[in-house]
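# Remarks on the overall topology
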Amino acid sequence: MPTSRRKLPRSFYARETLTVARELLGLHLVHKSIHGRQVGRIVEVEAYQGPQDLAAHSARGRTQRTEVMFGAPGHAYVYLIYGVWDCLNVVTAAHGTPHAVLVRALEPVEGIENTTHGPGLLCRALHVNRSLNGTDLTGNSLWIEMPAPAAYRQPKVQRATRIGVDYAGAWAKKPWRFFDGNSPYVSTVSTAARRRALQGSPVTG
DNA sequence: ATTTGGATCGGT
DNA sequence: CCGATCCAAATT
């Protein structure tokens, strides 16, 4: 099946955010740029469900930075964190519902030369930066697609709390991080979480 | 106009 | 644990 048939349509993103987050595991993120075609298998994501979710950037209302989160699903939300790293999200749910899923780790599939086991690292490796903020993920630059059948591996879906959101009170306890427990490419903290899970202290919720 | 602190990462 | 590094957003 040609690549275009495997590209996720907007209807994929226009659904309940936790469902989208879970189903993104195992799919391929593709970026075509002057650096060529780069592909990574998504192995870790986090759901952000503003404005109620105090961990979400959109919890503080519509601002210049979060404008894209309030727009149509199936677009990229890219922001700079700690003055150093870009982070890539996909906007989900209905237009006007400011939800997004943060892509936290990839397994290299094609054209990737640097490490991708963290949200900042994967953006650096795939040359994703704020110039791509607002990019339509149904277009021909940046998108997510089903792998070819021969390349697809079923993820072992595991859940845990989100990273770096301790300021968000009760929302910090939501198990809205999803990762492939079979993948050695999850971010460092998820590796620790997986170890805990395997030892029998699963996160609940 | 100034301050604050962050959806990270790598080194110690 | 801690510093890097800069910008969006809140505050004055």
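Cut-offs used in this document
Residues numbered from 1 in each chain as written. Chains lettered and ligands numbered in written order. Predicted model: local features only at pLDDT ≥ 70, side-chain atom pairs only at ≥ 80, totals over all residues. Heavy atoms only, no water. Helix = DSSP H or I, 4+ residues; strand = E, 2+ residues; numbered from the N terminus. Contact = heavy atoms within 4.5 Å. 1 Å grid on protein atoms, 1.4 Å probe; cavity = no way out; pocket = protein on both sides within 12 Å on 5 of 7 lines; lining within 4 Å. Points joined across faces, edges and corners; volume = space filled by probe spheres on them. Nonpolar A, V, L, I, M, F, W, Y, C, P; charged D, E, K, R; others polar. Phe/Tyr/Trp six-rings, centres within 6.5 Å; stacked < 30°, edge-to-face > 60°. Lys NZ or Arg CZ within 6 Å of the ring centre and 35° of its normal. Salt bridge = Lys/Arg side-chain N within 4 Å of Asp/Glu carboxyl O. Buried < 20%, exposed > 50% of the residue type's maximum accessible area, 1.4 Å probe, protein only.

Counting through the fold element by element, Tyr 79 comes out in strand E3 (residues 76–81). Along the primary structure Tyr 79 and His 57 are separated by 22 residues, whereas in three dimensions their C-alpha atoms are 10 Å apart. Setting aside residues no more than four positions away along its own chain, Tyr 79 makes contact with His 57, Arg 65, Trp 85, Asp 86, Cys 87, Asn 89, Leu 102 and Arg 130.

Here we take up the layout of surface pockets. For the largest pocket, the calculated volume is near 770 Å³. Considering the residues around the largest pocket, the lining is formed by 34 residues, among which Tyr 79, Ile 81, Tyr 82, Ile 163 and Gly 164 are closest to the centre. Those elements that provide at least two residues to the lining of the largest pocket are strand E2 (36–49), E3, strand E4 (85–92), strand E5 (99–110), helix H4 (119–125) and helix H5 (188–198). Of the residues in the lining of the largest pocket, the class split is 20 nonpolar, 10 polar and 4 charged.

This paragraph deals with the packing of aromatic side chains. Summed over all chains, the structure comprises 3 aromatic pairs. Looking at Lys 7, its charged tip hangs above the ring of Trp 143, at a distance of 4.3 Å from the centre. Here Lys 174 stacks its cationic end above the ring of Trp 171, 5.2 Å away from the centre of that ring.

A few words on the pattern of salt bridges. Overall, the coordinates contain 15 salt bridges when judged by the stated rule. For Arg 6, the salt bridge identified is with Glu 145, shortest N-O distance 3.4 Å. Placement of Arg 6 in helix H1 (residues 3–6) and of Glu 145 in strand E6 (residues 142–145) is noted, with a sequence separation of 139 residues between them. Of the two residues, Arg 6 and Glu 145, both sit in the buried class. Linking Glu 46 and Arg 104 is a salt bridge whose minimum nitrogen-to-oxygen distance equals 3.6 Å. One end of the pair, Glu 46, is in strand E2; the other, Arg 104, is in strand E5, and 58 residues separate them in sequence. Accessibility assignment for this pair places Glu 46 and Arg 104 in one class, buried.

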